[in-house]
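Chain residues, written in single-letter form:
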Amino acid sequence: VVSNVTGRVATAEQLCSVGYWVRQVRDAVRFADGVRWLADQGVTALVELGPDGVLSGLAQHSCAPGTLVVPVLRHQTSDSTLRQNDAEMLLSAVGRLYAQGVVVDWAGVFAGRGAVRVGLPTYAFQRQRFWPEVVPTVSDSAGDRVDQRFWASVEQRDVRALAGELGVDSGVVASVMP
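Residues numbered from 1 in each chain as written. Predicted model: local features only at pLDDT ≥ 70, side-chain atom pairs only at ≥ 80, totals over all residues. Heavy atoms only, no water.

**Quick notes on the packing of helix H3 (residues 31–40) against helix H4 (residues 54–62)**
Angle between the axes and distance between the axes are the two parameters that describe a pair of packed helices. The line we're drawing: Interaxial angle, 0 to 180 degrees, is taken between N-to-C directions of lines fitted to C-alpha atoms, where a helix line uses only the stretch in contact. By the criteria applied, helices consist of DSSP H or I runs no shorter than four residues and strands consist of E runs no shorter than two, each listed in order from the N terminus. Working definition: roughly parallel below 35 degrees, roughly antiparallel above 145 degrees, roughly perpendicular at 65 to 115 degrees, and oblique for all remaining angles. A clockwise turn of the near helix away from the far one marks a right-handed crossing, whereas an anticlockwise turn of less than a right angle marks a left-handed crossing. In what follows, residue pairs with any heavy atoms lying within 4.5 Å of each other are defined as contacts. Side-chain classes are defined by residue name, with Ala, Val, Leu, Ile, Met, Phe, Trp, Tyr, Cys and Pro counting as nonpolar, Asp, Glu, Lys and Arg as charged, and the others, Gly among them, as polar.
It is at 9 Å that the axes of H3 and H4 come closest, and there the two elements cross at 60 degrees. It follows from the interaxial angle that H3 and H4 lie oblique. Every pair of crossing elements has a handedness; the one defined by H3 and H4 is right-handed. Contact residues: Phe 31, Ala 32, Val 35 and Arg 36 in H3; Leu 55, Leu 58, Ala 59 and Ser 62 in H4. Each residue belonging to the contact of H3 with H4 can be placed in one class, and the counts come to six nonpolar, one polar and one charged.

**A closer look at the environment of Val 29**
Formally: When accessible area is computed with a 1.4 Å probe and restricted to protein chains, residues below 20% of their type maximum are described as buried, those above 50% as exposed, and intermediate ones as partly exposed.
Here Val 29 lies in the loop between helix H2 (18–26) and H3. Look at Val 29 and you get exposed, because its relative accessible area is 60%.

**Re the pairing of strand S2 (residues 68–71)**
The criterion, for reference: Think of it like this: strands point away, you trace from the first strand over the helix to the second, and a clockwise trace means the crossover is right-handed.
A two-sided burial pattern is seen for S2, the buried positions comprising Leu 68 and Val 70 on one face and Val 69 and Pro 71 on the other. The handedness of the strand S1 (residues 45–48) to S2 crossover, carried by H4, is right-handed.

**A look at the nonpolar core**
Using the following cut-off: By nonpolar core is meant a set of buried Ala, Val, Leu, Ile, Met, Phe, Trp, Tyr and Cys residues that side-chain atoms within 4.5 Å join together.
In this structure, Val 35, Trp 37, Leu 38, Leu 46, Ala 59, Cys 63 and Val 69 together form the largest nonpolar core, which totals seven residues. Residues within four places of Val 69 in sequence aside, it is in contact with Leu 46, Ser 56, Ala 59, Gln 60, Cys 63 and Arg 96. Membership of the second largest hydrophobic core comes to five residues, among which are Leu 68, Val 70, Val 72 and Leu 97.

**Side note on the confidence of the model for the protein chain**
Cut-off, in case you're wondering: As a per-residue measure, pLDDT reflects the predictor's confidence and takes values from 0 up to 100.
Per-residue pLDDT for the protein chain averages 82, and the proportion of residues at 70 or more is 81%. Taken element by element, the predicted model of the protein chain shows its lowest mean pLDDT in helix H7 (residues 123–126) (62) and its highest in helix H1 (residues 12–15) (93).

**Things to note about the layout of surface pockets**
Quick note on the threshold: Whether a set of points on the 1 Å grid over the protein atoms alone is a cavity depends on a 1.4 Å probe fitting there but being unable to get out, while an open set qualifies as a pocket with protein on both sides within 12 Å along at least five of seven lines; lining residues are those with an atom within 4 Å of a point. Grid points are joined across faces, edges and corners, and a volume is the space filled by probe spheres set on the points.
Taken as a whole, the largest pocket encloses approximately 640 Å³ of empty space. If you trace the largest pocket, you find 24 residues lining it, with Val 2, Phe 31, Val 47, Leu 49 and Leu 55 closest to the centre. Contributions of two or more residues to the lining of the largest pocket are made by H2, H3, S1 and H4. Broken down by class, the residue content of the lining of the largest pocket amounts to 16 nonpolar, six polar and two charged.

Written as structure tokens, this is what we have:
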């Protein structure tokens, strides 16, 4: 925990002291100093544990470029269909950290929750195809000739020939011909 009173890591004694918390309320907030101190220590990912993500935006202005800042809790709307529970928000934040390259102890995240590992297909990385091979069938040569005449009429934009192949009026074909 970085103290907003000192701009440095808070000791256990400070955090357990009533006097410290009085100073926390009365003294100037040294939030930017604390964020800069973390950057000086080589910290590249910050997690905000406050009741909303307000400080995450402020932290981005005080830290080194490229520092990842992730709020855990976000403001909840009054619309119950949009509300997330705290566990979902926490897992979302941890997932975002992981996706950005932060090492996550997933066993610790899911400990006591009954989660089990599920094997995922790895074929995309093994360069193995699992799609069935298309086996050409013996085709009807009369059908092939009809298809060839149809597509030749389309490619040549021959309205009369295409109308004849389809058995429709030339005006209809002309209205849909590109």
